[in-house]
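Tertiary structure, described
Spelled out, the chains give:
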Amino acid sequence: MQLYVFPPSPNSLCCQAVANRCGIELEVIPVDLPGGGHMQPEFVKLNPNHKIPTLVDDGFSLWESSAIMLYLAQQAGDANLIPEDAKLRVQMAQWMFWKTAHFGPACGVYTFENLVKPMMGIGEPDAAKIENAAEDFHRFFTVLNDQLAGKQYVLGSTESIADYSIVTWLVHAEAASFPMQDYEEIKRWAAEMLATDHWKAALATIPAG
Ligand SMILES: N[C@@H](CCC(=O)N[C@@H](CS)C(=O)NCC(=O)O)C(=O)O
């Protein structure tokens, strides 16, 4: 299986970490987003949205990181990250949809303004955009922090792809100046998740600098 990625991208890293956790070996192919690699016709054939991550398994191409994580976990058979219990399984989906609709976009504003812009030399962080995003940021961080109180994982004692899907946005929390001071439960959970070998191996694929 080939996974097309932009190495520092949270949406790529969660797929790589899930593959590592499930014991699936991926051929990781970096796409040069700043250089327009994602706009090349061969890539657009795989993903008409021209976005990474994109997975290809023997001619079958799949996009959207949540769908890719689901596919990888399904391939892993019993050693997967999908709860058997039907209610837990839909709660896993609930948190992944919530991540895509709410949590990820709130984190994305801070990541783009405070990290991507200076890194790529494309202007100063826009204070007004960050101020606008702050209300959503704190609203959704409070939801997650409350959910994690006294729990090892988002679903309690059951690790699932929901953890990978959400925690990936915290990889750059410090570099992107996330206002995290009030979210102790999130910090504890993220520190534990990101210290696992599955995450360390995914993070090691980010080139220095
Ligand atoms: N909802 C998508 C988001 C994917 C996404 O936004 N990828 C960005 C990089 S993190 C991208 O490829 N941007 C290039 C573009 O939009 O043209 C997912 O979860 O996979």
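Every chain begins its residue count from 1, and numbering advances along the sequence as written. Restriction of local features to residues with pLDDT of at least 70 applies here, the model being predicted, together with a cutoff of 80 or more for giving and counting side-chain atom pairs; totals for whole chains, interfaces and linings are based on all residues. Only heavy atoms go into the side-chain values, all of them from the structure, while hydrogens and water stay out.

1. Some words on the pairing of strand 1 (residues 2-5)
Consecutive side chains along a regular strand alternate between the two faces of the sheet. For clarity, the cut-off: A pair of strands is considered paired only if DSSP assigns at least 2 bridges between the two. A run of H or I in DSSP becomes a helix once it reaches four residues, and a run of E becomes a strand once it reaches two; helices and strands are each numbered from the N terminus. Looking down the strands as they point away from you, a crossover is right-handed if its path from the first strand over the helix to the second goes clockwise.
Judged from the four bridges that link them, strand 1 and strand 2 (residues 27-30) form a sheet pairing that is parallel. Note on strand 2: the bridge partner recorded for Q2 is E27. Traced from strand 1 through helix 1 (residues 10-21) to strand 2, the parallel crossover comes out right-handed. Relative to strand 3 (residues 54-57), strand 1 runs antiparallel, the two sharing three bridges. Bridge pairing in strand 3 places Y4 opposite T54.

2. Observations concerning the layout of surface pockets
Operational definition: Buriedness of a pocket was judged along seven lines, with at least five required to meet protein on both sides within 12 Å; pockets are open sets of points on a 1 Å grid over the protein atoms alone, cavities are sets where a 1.4 Å probe fits but cannot get out, and lining residues have an atom within 4 Å of a point. Grid points are joined across faces, edges and corners, and a volume is the space filled by probe spheres set on the points. Segmentation into domains, and thus their bounds, comes from an automatic or database assignment.
The calculated volume of the largest pocket comes to roughly 1100 Å³. Along the wall of the largest pocket there are 36 residues; nearest its centre are F6, S9, P10, N11 and L33. Elements supplying a minimum of two residues to the lining of the largest pocket: helix 1, helix 3 (65-75) and helix 4 (86-120). In this structure, the second largest pocket spans a volume of roughly 180 Å³. Lining the second largest pocket are S66, A67, L70, R89, M92, A93, M96, F97, T100 and I161. At the level of secondary structure, the elements contributing two or more residues to the lining of the second largest pocket comprise helix 3 and helix 4. Top element by residues in the lining of the second largest pocket is helix 4. It accounts for six residues. Taken domain by domain, the lining of the second largest pocket gets at least three of its residues from each of domain 1 (2-80) and domain 2 (86-196).

3. Focus on the domain arrangement of the protein chain
Using the following cut-off: The contact criterion used throughout is that any non-hydrogen atoms of two residues lie within 4.5 Å. Defined here as a combined quantity, buried area equals the accessible surface (1.4 Å probe) lost by two parts on assembly, summed across both. Note on definitions: salt bridges are taken to be side-chain nitrogens of Lys or Arg within 4 Å of carboxyl oxygens of Asp or Glu. For this analysis, a polar contact is any N or O atom pair within 3.5 Å, provided that within protein one partner can donate a hydrogen and the other can accept it, and provided that sequence-adjacent residues contribute only side-chain to side-chain pairs.
Assigned domains within the protein chain: domain 1 (2-80) and domain 2 (86-196). Taking only C-alpha atoms, the centre of domain 1 and the centre of domain 2 are 20 Å apart. Opposite the 14 residues of domain 1 that make contact, domain 2 presents 13 residues. Taken together, the two surfaces of domain 1 and domain 2 that pack against each other cover about 1100 Å², and 70% of this comes from carbon and sulfur. Run the count over domain 1 and domain 2 and you get one salt bridge. Between E159 and R21 there is a salt bridge; the shortest N-O distance is 3.1 Å. Viewed at the interface, domain 2 and domain 1 are joined by four residue pairs in polar contact (both at pLDDT 80 or more). Of all the secondary-structure elements, those providing two or more residues to the side of domain 1 that touches domain 2 are helix 1 and helix 3.

4. Let's talk about the site of the ligand
Threshold: A molecule or strand has a residue near it when one of that residue's heavy atoms lies within 4 Å. Per-residue accessibility takes into account occlusion by the displayed protein chains alone, with areas from the Shrake-Rupley method and a 1.4 Å probe. Criterion for pocket placement: a molecule counts as inside a cavity or pocket if more than half of its atoms are within 2 Å of its grid points. Gly counts as polar in this scheme, as do all residues outside two lists: the nonpolar Ala, Val, Leu, Ile, Met, Phe, Trp, Tyr, Cys and Pro, and the charged Asp, Glu, Lys and Arg.
For the ligand, the full set of nearby residues is S9, N11, L33, H38, H50, K51, I52, P53, E64 and S65. In the model, an oxygen atom of the ligand is placed 3.3 Å from a nitrogen or oxygen of the H50 side chain. Separating a nitrogen atom of the ligand from a side-chain N or O atom of E64 is a distance of 2.8 Å. If the ligand stood free it would expose 520 Å²; the protein chains cover 74% of that surface. In a pocket analysis with a 2 Å cut-off to the grid points, the ligand is assigned to the largest pocket. Looking at side-chain class alone, the shell around the ligand contains three nonpolar, five polar and two charged residues.

5. Some thoughts on the packing of helix 5 (residues 127-148) against helix 7 (residues 184-194)
Note the cut-off: Between the N-to-C directions of two axes lies an angle of 0 to 180 degrees, each axis being a line fitted to C-alpha atoms and, for a helix, fitted only over the stretch in contact. Under this scheme an angle from 65 to 115 degrees is roughly perpendicular, one under 35 degrees roughly parallel, and one over 145 degrees roughly antiparallel; angles in between are oblique. Note: crossing handedness is left-handed where the near helix turns anticlockwise from the far helix by less than a right angle, and right-handed where it turns clockwise.
Remark: helix 5 packs on helix 7, axes separated minimally by 7 Å, with the N-to-C direction vectors making an angle of 70°. Classed by the angle they form, the pair helix 5 and helix 7 counts as roughly perpendicular. For helix 5 against helix 7, the interelement crossing comes out left-handed. Here helix 5 contributes F141, L144, N145 and L148 to the contact with helix 7, which in turn contributes E184, E185, I186, R188 and W189.

6. Considering unusual backbone geometry
Let me state the cut-off plainly: For the exposure calls, accessible area comes from a 1.4 Å probe over protein chains only, and a residue counts as buried if that area is under 20% of its type's maximum, exposed if over 50%, partly exposed in between.
The peptide bond linking I52 to P53 adopts the cis configuration, its omega dihedral lying at 0°. Along the polypeptide, P53 turns up in the loop between helix 2 (41-46) and strand 3. Even without being a glycine, H50 presents a positive backbone phi close to 45°. Along the chain, H50 turns up in the loop between helix 2 and strand 3. Relative accessible area serves as the criterion here: at 31%, H50 is assigned to the partly exposed category. For E64, which is not glycine, the phi torsion reads 80° and is therefore positive. Summarising the element assignment, E64 is placed in the loop between strand 4 (60-63) and helix 3.

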